[in-house]
Amino acid sequence: MRVEVLTALAGASLAVGQTTDWASAYTKANAALAKLSSAQKVQIVTGVGWNKGPCVGNTPAISTIGYPQLCLQDGPLGIRYGKSVTAFTPGIQVASTWDRALMNERGKFMGEEAKGTGVHVLLGPVSGPLGKIPTGGRNWEGFGVDPYLAGIAMAETISGMQGAGVQASAKHYIGNEQERERDTISSNIDDRTMHELYLWTFADAVQAGAASVMCSYNKLNSTWACENDRILNQLLKKELGFQGYVMTDWNAQHSTAASANAGLDMTMPGSDYNGGTVLWGSALSSAVSSGQVQQSRVDDMVRRILAAWYLTGQDTGFPSINLNANVQGTHKTNVRAVGRDGIVLLKNDGGILPFKKPAKLALIGSAAVVNPQGMNACSDQGCNTGALGMGWGSGTASYPYFVAPADAIRTRATSDGTTISTSTTDSTSGVASAASGADMAIVFITADSGEGYITVEGNAGDRNNLDPWHGGNALVQAAAQANENVIVVVHTVGPIILETILALPQVKAIVWAGLPSQESGNALVDVLYGSTAPSGKLPYTIAKTAADYGTATVAGSDSFSEGLFIDYKHFDRASIAPRYEFGFGLSYTNFTYAGIKVTGAPTSGPATGDVVPGGRADLFETIANVTCTITNSGAVTGSEVAQLYVGYPASASAPPKQLRGFEKLPLAAGASGTATFTLRRKDLSYWDSSLQNWVVPSGDFNITVGASSRDIRQVATLAVA
Ligand SMILES: *[C@@H]1O[C@H](CO)[C@@H](O)[C@H](O)[C@H]1NC(C)=O
Ligand SMILES: *[C@@H]1O[C@H](CO)[C@@H](O)[C@H](O)[C@H]1NC(C)=O
Ligand SMILES: *[C@@H]1O[C@H](CO)[C@@H](O)[C@H](O)[C@H]1NC(C)=O
Ligand SMILES: *[C@@H]1O[C@H](CO)[C@@H](O)[C@H](O)[C@H]1NC(C)=O
């Protein structure tokens with residue numbers, strides 16, 4: 001099979017050594033395929049069975065072609081069950097940095113650690129869930145609720161990982177938006193919404209060269225994802241030109257022939273969790289013998305799997321499996337940078353932050369200190385005890401160490417001569433004595449979620465509500481009664497409702513510290529003390545009340561009736577004022593915007609290019625450029641995330657504005673820089689279901705650049721004929 005390969009990935013940087021040369025990988029795969037027996041082919045597509053190998057997924061070695069025992073291992077933030085690996089920051093923290101270089105570097109470092117432990121396929125990154133339901137248990141594993149931002153994070157992560165020689169698995173494909181009933185629910189997503197929201201991020205993953213895609217547990221229109229012809233054969237392989245292989249989520253296969261014919265290429269872990277039921281293996285051989293599955297289909301599965309292995313260069317010099325290897329290197333630098341640059345400053349009255357050598361600080365709340373039972377005391381991080389660095393479930397890793405907020409603040413306080421008083425439980429009884437007399441009281445609150453096989457404090461994966469856990473509101477109230485200057489630090493998987501806290505005039509600052517993993521305290525100190533000005537922006541909306549989101553978990557089936565209107569697109573259309581909008585974040589400086597310029601003269605109409613990995617080739621061509629001058633008008637160095645939102649002509653029936661570009665500019669005080677946004681054909685198109693194609697509508701586009709989705713500073717018009 002010959003495929004044209006894109007030489008440049010619009011909107012994302014290609015890492016040195018990145019392999020997207022599927023054509024030569026397929027040449028090698030075909031040569032190897034010719035040497036295999038039918039039985040060997042079935043072995044390559046069937047996992048060895050649950051708990052029957054060193055990794056969470058394994059296929060047998062085929063020595064005649066030098067093919068190894070393939071090791072597939074969780075997960076999206078590092079190597080689950082690794083003994084001495086980095087616990088990288090969760091996807092949601094990466095998204096809130098809006099920093100392509102950090103996204104790419106994190107992917108590269110994860111790839112290096114996977115390769116160093118002999119893991120061929122690292123099971124991530126995640127953009128399913130996308131996060132349309134704010135309580136969704138696994139939203140924190142992904143890159144936030146906007147497909148443009150999440151798609152770039154997917155592409156950067158994959159190009160980083162695969163450039164380091166490890167296969168990525170983009171997951172969970174698709175419509176897996178909640179933990180509740182995830183193994184049975186049907187996600188009934190209309191065709192346009194599918195393309196413009198949920199498929200968008202996977203298109204970027206495919207364009208970046210993703211070796212594999214993992215089909216999800218749920219159904220689409222009542223057909224299981226892993227035997228769904230529409231999403232596997234039609235959307236992924238035909239429309240997006242996906243050259244790699246589709247693997248199941250663990251135990252997400254329900255049939256032998258139907259899954260094979262719908263486009264599934266590998267079953268994991270190969271048996272059910274009791275080891276009894278095996279749907280491929282000899283059953284697949286029988287289905288071929290009886291004519292239910294063509295031999296050519298099995299050959300295609302094998303060719304795809306081998307091509308992905310060759311694509312990432314794993315046929316030469318790949319280390320043997322050793323999950324105990326120490327592979328951390330200096331990767332913690334990325335954890336600290338993402339932890340720090342993902343912190344979003346929501347409120348900073350009177351410039352109370354950064355600290356100016358306070359005489360006394362009070363630290364309040366159990367989340368200030370590491371879990372007293374131990375940093376890895378809960379299996380798969382399935383508890384919310386002590387400082388929160390990640391959610392729970394299979395997408396976790398063990399911490400090699402954990403710098404809790406109180407540890408890092410104490411260290412810093414020593415050098416400033418600051419006295420520290422603490423009340424590090426969630427009881428309000430010790431708050432007054434700790435907080436009174438302090439210059440400031442810092443209250444640590446959390447909200448946690450995870451994968452549904454673990455229930456934590458009554459939350460079965462998805463959160464029960466959007467309130468802070470452990471009585472966080474009462475803790476802040478108690479601090480406010482004892483101290484005039486309360487700073488609230490929030491470690492959370494996603495939005496919480498802040499109204500109770502914001503009603504307290506003593507709350508002068510809110511530091512949205514997200515999920516910073518092992519470098520939590522260091523990242524926080526960098527911002528609290530001003531060695532780095534905060535530069536994160538929210539990758540979701542914080543509402544005034546949970547009902548404002550208009551989405552919630554459901555039972556049985558989800559009609560996705562909100563369509564395109566999730567998160568800020570919903571708030572915009574329904575004219576609901578959010579508390580803190582998508583894209584919002586303060587700094588210790590200010591930025592001004594000037595001189596918006598739009599160039600290019602795009603023409604309307606459908607895309608016409610040949611299909612390459614990611615979709616029709618012309619969708620990725622730049623058809624307009626937007627530039628804008630950003631000036632740091634404050635007194636300290638800082639970074640601004642300039643954001644481009646596009647309003648389509650009314651004929652497209654699109655959301656009022658959609659993110660279609662961003663650039664993070666580091667600027668010294670008084671300095672100016674140019675934010676440059678490239679608009680690809682896809683960025684100005686909508687999905688026309690009747691044409692089954694992307695179409696650029698004619699008319700006036702509203703091109704807006706701003707500091708958030710509601711802080712628009714510059715507006716221009718792009719007329720499309
Ligand atoms: C599900 O049904 C809707 C409504 O008919 C359709 O628009 C969509 O393409 C279908 N999706 C799949 C994956 O079959
Ligand atoms: C940013 O500008 C606003 C409005 O002029 C001002 O109130 C605020 O103090 C400035 N903040 C910083 C950090 O300079
Ligand atoms: C956009 O900018 C790039 C880089 O300067 C340039 O090569 C390209 O021609 C521009 N495209 C349009 C449509 O203005
Ligand atoms: C363009 O966007 C701005 C900012 O959102 C808005 O105020 C303005 O009304 C929009 N203009 C049109 C023509 O939609």
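Residues numbered from 1 in each chain as written. Chains lettered and ligands numbered in written order. Predicted model: local features only at pLDDT ≥ 70, side-chain atom pairs only at ≥ 80, totals over all residues. Heavy atoms only, no water.

This is how the line gets drawn: UniProt positions are given in the numbering used here, feature names are shortened, and annotations may be inferred rather than shown by experiment.
Going by what an unreviewed UniProt entry lists, the chain is known as Beta-glucosidase cel3A and is assigned to Pseudomassariella vexata. According to the UniProt record, the Sequence similarities (unreviewed entry) comment for the chain is "Belongs to the glycosyl hydrolase 3 family."

### Observations concerning the site of ligand 3
Applicable threshold: Near, as used in this document, describes a residue that has one of its heavy atoms within 4 Å of the molecule or strand being considered. Pairs of N or O atoms are called polar contacts if they sit within 3.5 Å, as long as, within protein, a hydrogen donor faces a hydrogen acceptor (for residues adjacent in sequence, only side-chain-to-side-chain pairs). Helix numbering and strand numbering both begin at the N terminus, where a helix is a DSSP run of H or I of at least 4 residues and a strand a DSSP run of E of at least 2. Residue type decides the class: Asp, Glu, Lys and Arg count as charged, Ala, Val, Leu, Ile, Met, Phe, Trp, Tyr, Cys and Pro as nonpolar, and the leftover types, Gly among them, as polar.
In the neighbourhood of ligand 3, the contacting residues comprise T599, G600, I623, A624 and N625. Between T599 and ligand 3, the recorded distance is 3.4 Å, taken from a side-chain N or O atom to an oxygen atom. Between an oxygen atom of ligand 3 and a side-chain N or O atom of N625, the distance comes to 2.2 Å. Among the elements that line the shell around ligand 3, the one with the most residues is strand 21 (residues 622–632), at 3 residues. Split by residue class, the shell around ligand 3 holds 2 nonpolar, 3 polar and no charged.

### Focus: the packing of aromatic side chains
Test applied: Two rings from Phe, Tyr or Trp (for Trp, the six-membered ring) form a pair when their centres sit within 6.5 Å of each other. Planes less than 30 degrees apart are called stacked, planes more than 60 degrees apart edge-to-face, and all others tilted. Burial classes follow relative accessibility: with a 1.4 Å probe on protein chains only, a residue under 20% of its type's maximum area counts as buried, one over 50% as exposed, and anything between as partly exposed. A positively charged side chain is recorded as over a ring if its NZ (Lys) or CZ (Arg) lies within 6 Å of the ring centre. The angle to the ring normal must also be within 35 degrees.
Summed over the entire model, instances satisfying the criterion amount to 19 aromatic pairs. Relative to Y645, the ring of Y568 lies with its centre 5.8 Å away and its plane at 85°, an arrangement referred to as edge-to-face. Taken together, the residues span a long stretch of sequence, with Y568 in helix 17 (residues 568–573) and Y645 in strand 22 (residues 638–647) at a distance of 77 residues. Per residue, the accessibility class of Y568 equals that of Y645, and both read buried. Pairwise contacts between aromatic rings join W98, Y148, Y568, F582, Y645 and F662 into one cluster. R573 extends its terminal NZ or CZ atom over the ring of F565, reaching a point 3.7 Å from the ring centre. It is K682 that lies over the ring of W200; its NZ or CZ is 4.5 Å from the centre.

### Structural notes on the packing of helix 11 (residues 332–341) against helix 16 (residues 520–528)
Threshold: Where helices are involved, their axes are fitted lines through C-alpha atoms of the stretch in contact, as for all axes, and angles between N-to-C directions lie from 0 to 180°. Roughly parallel means an angle under 35 degrees; roughly antiparallel, over 145; roughly perpendicular, 65 to 115; everything else is oblique. Here a crossing is taken to be left-handed if its near helix is turned anticlockwise relative to the far helix by less than a right angle, and right-handed if that turn runs clockwise. Contacts are residue-level and defined by heavy atoms, with any inter-residue pair within 4.5 Å sufficient.
Interaxial distance between helix 11 and helix 16 falls to 8 Å at its minimum, and their mutual angle equals 50°. With respect to their mutual orientation, helix 11 and helix 16 come out oblique. Crossing geometry of helix 11 relative to helix 16 is assigned as right-handed. Mapping the contact onto sequence places R336, G339 and R340 in helix 11 and N522, A523, D526 and V527 in helix 16. Among the residues forming the contact of helix 11 with helix 16, the class breakdown is 2 nonpolar, 2 polar and 3 charged.

### Describing the side chain of E141
Relative to the assigned elements, E141 resides in the loop between strand 3 (121–123) and helix 5 (147–163). In this structure the side chain of E141 is engaged in a polar contact, spanning 2.6 Å, whose partner is the side chain of R138.

### As for the domain arrangement of the chain
Many analyses report the size of an interface as the accessible area lost when the parts associate. Note the cut-off: Where a domain begins and ends is set by an automatic assignment or by a domain database. Summed over both partners, the accessible area (1.4 Å probe) lost when two parts come together is defined as the buried area. Salt bridges, as used here, are contacts in which a Lys or Arg side-chain nitrogen is within 4 Å of a carboxyl oxygen on Asp or Glu.
Here the domain parsing of the chain yields domain 1 (25–311), domain 2 (332–537) and domain 3 (590–720). On a C-alpha basis, the centroid separation for the pair domain 1 and domain 3 is 31 Å. Contacts between the two partners involve 23 residues from domain 1 and, on the opposite side, 26 residues from domain 3. Summed over both sides, the interface between domain 1 and domain 3 buries roughly 2,200 Å², with carbon and sulfur atoms accounting for 56% of that surface. The three residues of domain 1 that bury the most area against domain 3 are W98, Y148 and R192, which together make up 32% of that side's buried surface. Applying the counting criterion to the domain 1 and domain 3 interface returns 1 salt bridge.

### Details of the environment of T553
Note that T553 resides in the loop between helix 16 and strand 16 (557–558). Its relative accessible area of 22% is what places T553 among the partly exposed residues. For T553 and L306, which are 247 residues apart along the polypeptide, the C-alpha to C-alpha distance reads 39 Å. Side chain to side chain, T553 and R180 meet in a polar contact 3.2 Å long.

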